[in-house]
Amino acid sequence: MIIDLHNHTPLCHHAKGSMQSFVEQAVARKIDVFGFSDHAPMRFDEAYRMRFDEMQGYEQEVLLLREKHRDTIKILLAYEVDFLDGYIDESVLKRDVDYFIGSVHFLGKWGFDNPEFIGEYTHHDIDVIWQRYFDAIEALAQSRLFEVVGHLDLIKIFNYLPKKDIRSIAQKAINAIKKADMVVEINAAGLRKPVKEQYPGDVLLELLA
């Protein structure tokens, strides 16, 4: 069975193509379960996510596609939610969806995966940055708000790698993920980023196993 659960739409302003075309491609690639999980709205970094008033239309279109293609492919409805203290909106978490992906894209208000702010890496100890990131992943798991952890080691996106053993940095977060009985996605987006590696990489995959 082929399952693809992390897919955005043009509503997030960094994906292209109609939702219908996504489904057609999923069918052509013999995907069995395809999940739409666009970036949920929040009152921060609003340029890269849908607006609150677009949620209903997004959900309705996914449900229409689910019904239209129900004999061909299973379509799921979801959101990717930024785990960012003070900005997680309760109205999002109350939506009637199949799952939520929890992701960390910010350390404080620094969007560390945005190339516009890549210069910030040079102002910090890379081991400290990595630890802060995995501390956030640990807190995400402990929140019990989500079913899926998005791109577990996204912090490596620009190939700024720690001097410390990655396993020692990530261990507590992975323990928390296990305790919360969450799913960790294998995300191929990193293959087209400077790191040229999927999320998570082999070392963390072994640790997860």
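Structure first, text after, so check above.
Residues numbered from 1 in each chain as written. Predicted model: local features only at pLDDT ≥ 70, side-chain atom pairs only at ≥ 80, totals over all residues. Heavy atoms only, no water.

Focus: the sheet that holds strand 3 (residues 74–82)
Then comes step 1: Spatially, 1-2-3-4-7-8 is the arrangement adopted by the 6 strands of the open sheet, whose pairing is parallel. Edge strands, defined here as strands with exactly one partner in the open sheet, are strand 1 (3–4) and strand 8 (183–184).
Then comes step 2: Note that strand 1 and strand 2 (residues 33–39) share 2 bridges and pair parallel. Bridge pairing in strand 2 links Asp-4 to Phe-34. (Pairing = 2+ DSSP bridges. Helix = DSSP H or I, 4+ residues; strand = E, 2+ residues; numbered from the N terminus.)

Structural notes on helix 1 (residues 19–28)
A turn of α-helix holds 3.6 residues, and therefore any two residues three or four places apart point the same way.
Then comes step 1: Residues of helix 1 that are buried: Met-19, Gln-20, Phe-22, Val-23 and Ala-26. Seen from one end, helix 1 has its buried residues packed into an arc of 160 degrees, which puts them on one side.
Then comes step 2: Lining the buried residues of helix 1 we find strand 2, helix 2 (55–68) and strand 3.
Then comes step 3: Positive phi appears at Lys-30, one or two residues downstream of helix 1, with a value of about 60 degrees. (Buried < 20%, exposed > 50% of the residue type's maximum accessible area, 1.4 Å probe, protein only. Arc of directions from axis to C-beta. Contact = heavy atoms within 4.5 Å.)

Side note on the pairing of strand 3
Then comes step 1: Within strand 3, 8 of the 9 residues are buried, which leaves it mostly tucked inside the rest of the structure.
Then comes step 2: Two strands pair when backbone bridges link them, and strand 2 and strand 3 are joined in this way by 7 bridges, in the parallel orientation. Paired with His-39 across the bridge in strand 3 is Glu-80.
Then comes step 3: The handedness of the strand 2 to strand 3 crossover, carried by helix 2, is right-handed.
Then comes step 4: By the bridge criterion, 5 bridges tie strand 3 to strand 4 (residues 99–103) in an arrangement that is parallel. (Right-handed = clockwise from strand over helix to strand, strands pointing away.)

Observations concerning helix 2
Then comes step 1: Between its terminal C-alpha atoms helix 2 stretches 20 Å, which fits the 20 Å expected from 14 residues at 1.5 Å a residue.
Then comes step 2: Those residues of helix 2 that sit buried are Met-55, Tyr-58, Glu-59, Val-62 and Leu-65. For helix 2, the arc enclosing every buried residue in end-on projection is 125 degrees, short of the 170-degree limit, so these residues lie on one face. More than 90 degrees from the buried face of helix 2, the exposed residues found are Gln-56, Leu-64 and Lys-68.
Then comes step 3: Contact partners of the buried residues in helix 2: helix 1, strand 2, strand 3 and helix 3 (90–93). (Expected span 1.5 Å × (residues − 1).)

Honestly, it's all geometry; don't read function into it.
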